[in-house]
Amino acid sequence: AQSVTQLDSHVSVSEGTPVLLRCNYSSSYSPSLFWYVQHPNKGLQLLLKYTSAATLVKGINGFEAEFKKSETSFHLTKPSAHMSDAAEYFCVVSDEDTGGFKTIFGAGTRLFVKA
Amino acid sequence: GAGVSQSPRYKVAKRGQDVALRCDPISGHVSLFWYQQALGQGPEFLTYFQNEAQLDKSGLPSDRFFAERPEGSVSTLKIQRTQQEDSAVYLCASSLDFPGSSYNEQFFGPGTRLTVL
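Since the structure is predicted, the reported quantities are computational estimates derived from the model, not experimental observations.

Looking at this structure, how should I read the state of the cysteines?
Should the sulfur atoms of two cysteines be covalently bonded, the bond is a disulfide. All names here are of chain B. Inspection of the entire model under this criterion finds two disulfides over all chains. The disulfide bridge from C23 ends at C92, spanning 1.8 Å between sulfur atoms. One disulfide, between C23 and C92, carries an S-S torsion of -65° and so falls in the left-handed class. Residue C23 is found in strand 3 (residues 19-24), and its partner C92 is found in strand 9 (residues 88-95); the two are separated by 69 residues along the sequence. Neither residue differs from the other here; C23 and C92 are each classed as buried.

Right, dumping it as structure tokens:
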């Protein structure tokens, strides 16, 4: 069965410093993995996705994520945080596990960026 | 339209009332998903349609919840005899192709915030 664990409910960084948002997953099939961002009072926006073409995935706004099968991780990083990055981030796994089509969201990590 | 739209954006219902929430996906998108997002939590999967076929409804919390997509485009999520625990944001998403394909990223609507009094 699928599951997603976001290891931190809140992360606080200073503007200009690196961002690391951690995600571990479990899936009994070959999963698709995504990161979505949700700004206050706005809809969910796709940051990036992994679908087995390359383990290092580049997304929008300077974000990247690396798929590590041995660690079942898909951590999100950004070299330098910007104030506009403050938002809720969701790690998501999707696969056709045993005929189902569920998409599973993590509980979310709220990113705070200090000036 | 350019994106996924949902209506109404806000709905207040008295406990016991029936509600219907509408989703207009991106034109031509095969897959449509419904999610429930409680305050401070991540979205939880409710149901999945591939064109007009409802292929997964394992996330619907009770038989008071019913979804349809009769012509493979617009979808309606209906909640009968609403309860206070149904209060949440209901999100709709569509994707160009089915979940196992290369075009499986989901595009989300703004959601409908349902408050049951």
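Any chance you could explain the pairing of strand 8 (residues 75-79) of chain B here in plain terms?
Side-chain positions along a regular strand alternate between the two faces of the sheet. All names here are of chain B. Most of strand 8 sits inside the fold, with four of its five residues counted as buried. Sheet topology places strand 3 next to strand 8; five bridges connect them, and they run antiparallel. Across the sheet, C23 pairs through a bridge with S75, a residue of strand 8. Strand direction decides the pairing type here: strand 7 (residues 65-68) and strand 8, joined by four bridges, are antiparallel.

I keep staring at the side chain of T109 of chain A and nothing clicks. Help me out?
Residues and elements named next belong to chain A. For T109, the location among the structural elements is in strand 12 (residues 109-114). Of note is the side chain of T109, whose polar atom sits 3.2 Å from the side chain of Q6. In terms of polar contacts, T109 uses its side chain to reach the backbone carbonyl oxygen of D8, at 2.6 Å. With sequence-adjacent residues up to four places away left out, T109 is seen in contact with Q6, D8, S9, H10, V11, L21, A87, E88 and Y89.

Got a minute to help me understand the environment of A65 of chain A in this structure?
Residues and elements named next belong to chain A. Mapped onto the fold, A65 is located in strand 8 (residues 64-68). Judged by its relative accessible area of 1%, A65 is buried. Separated by 54 residues in sequence, A65 and V11 place their C-alpha atoms 17 Å apart. With sequence-adjacent residues up to four places away left out, A65 is seen in contact with W35, L48, T55, L56, V57, F74, H75 and L76.

Calculation rules
Residues numbered from 1 in each chain as written. Chains lettered and ligands numbered in written order. Predicted model: local features only at pLDDT ≥ 70, side-chain atom pairs only at ≥ 80, totals over all residues. Heavy atoms only, no water. Disulfide = S-S within 2.5 Å. Helix = DSSP H or I, 4+ residues; strand = E, 2+ residues; numbered from the N terminus. Buried < 20%, exposed > 50% of the residue type's maximum accessible area, 1.4 Å probe, protein only. Pairing = 2+ DSSP bridges. Polar contact = N/O pair within 3.5 Å; in protein donor to acceptor, adjacent residues only side chain to side chain. Contact = heavy atoms within 4.5 Å.

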